[in-house]
Amino acid sequence: MEKTNHIHADTADGSRKAEGLKALGSKTRYKMDYAPEVLETFQNKHPDHDYWVQFNCPEFTSLCPITGQPDFAEIRISYIPDQRMVESKSLKLYLFSFRNHGAFHEDCVNIIMKDLIHLMDPKYIEVTGFFLPRGGISIYPYTNYGRKGTRFEKMAEYRFMNHQLSREK
């Protein structure tokens, strides 16, 4: 998948105008299977300042690759952007594309994280899945990444080693 080079520009009145983004402002078209190609980015206007961007998808679904039964989860994505940021509607369409995709819970969170790293090369990212119980067991996979050779690599190691598996309320 190639990195996209879409940007947002400010108009004279200060409002944001989408340039080159296909999903934003157009009719929603849902993919029937895993579709990383729908992900789009825009330019971070504050790359000199570290800050968190957090997304929560409380209605994530995928399919068990063995039984074909649906799995339901809340997916939380948190990242510290560098030059590019993921556009939220394209992220929604991407996450929805898992609904007919067969993947284990642990695979889902790792695939999501790797696709977002490839797309926007963030300084830091973490993805957690809070999968509802099936067969009486809930699974909460967590994965993270910090850019190698930076303080974010150390941050990723620290957060991973101190990760709490209980759901935050």
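What you see is a predicted model; the values in this text were computed from it and never measured.

A. Fine view of the overall build of the protein chain. Helices and strands together make up the secondary structure of the protein chain, namely 3 helices and 9 strands. Its helices and strands in sequence order give the protein chain the pattern β-β-β-β-β-β-α-α-β-β-β-α, from N to C terminus. Intrachain contacts of the protein chain at a sequence separation of at least 6 include 67% that bridge at least 24 residues. Looking at the protein chain as shown, the accessible area adds up to about 9800 Å², and 53% of this sits on carbon and sulfur atoms.

B. Here's a closer look at the pattern of salt bridges. Inspection of every chain in the model, using the stated rule, returns 7 salt bridges. Here arginine 151 makes a salt bridge to aspartate 50, at a shortest N to O gap of 2.2 Å. In this pair, arginine 151 is assigned in helix α3 (residues 151-161) and aspartate 50 in the loop between β3 (41-43) and β4 (53-63), connecting sequence segments 101 residues apart. Arginine 151 sits in the exposed class, given a relative accessible area of 57%.

C. Region of interest: the packing of aromatic side chains. A complete count under the given rule lists 9 aromatic pairs for this structure. With 6.2 Å between their ring centres and 90 degrees between their planes, phenylalanine 60 and phenylalanine 131 make a pair best called edge-to-face. Here phenylalanine 60, found in strand β4, pairs with phenylalanine 131, found in strand β7 (residues 124-134); they are 71 residues apart in sequence, far enough to count as distant. Like phenylalanine 131, phenylalanine 60 is buried.

D. Structural detail: the environment of arginine 147. The topology assignment puts arginine 147 in the loop between β9 (142-146) and α3. As for arginine 147 and proline 122, which are separated by 25 residues in sequence, their C-alpha atoms are 7.5 Å apart. When neighbours within four sequence positions are excluded, arginine 147 is seen to be in contact with Asp82, Asp121, Pro122, Lys123, Phe152 and Glu153.

E. The UniProt feature "active site" (unreviewed entry) in the protein chain, seen in detail. Mapped onto the present numbering, the UniProt feature "active site" (unreviewed entry) falls at Cys64 and Asp71. Mapped onto the elements of the fold, cysteine 64 is located in the loop between β4 and β5 (70-80). Among the secondary structure elements, aspartate 71 is positioned in strand β5. Residue classification places aspartate 71 among the buried residues on the basis of a relative accessible area of 5%. Non-local contacts of aspartate 71, meaning those with residues more than four positions away in its chain, are made with Phe60, Thr61, Ser62, Leu63, Cys64, His105, Phe131 and Arg134.

Conventions and cut-offs
Residues numbered from 1 in each chain as written. Predicted model: local features only at pLDDT ≥ 70, side-chain atom pairs only at ≥ 80, totals over all residues. Heavy atoms only, no water. Helix = DSSP H or I, 4+ residues; strand = E, 2+ residues; numbered from the N terminus. Contact = heavy atoms within 4.5 Å. Areas by Shrake-Rupley, 256 points an atom, 1.4 Å probe, with all protein chains shown as cover. Salt bridge = Lys/Arg side-chain N within 4 Å of Asp/Glu carboxyl O. Buried < 20%, exposed > 50% of the residue type's maximum accessible area, 1.4 Å probe, protein only. Phe/Tyr/Trp six-rings, centres within 6.5 Å; stacked < 30°, edge-to-face > 60°. UniProt positions renumbered as here; feature names shortened; annotations may be inferred.

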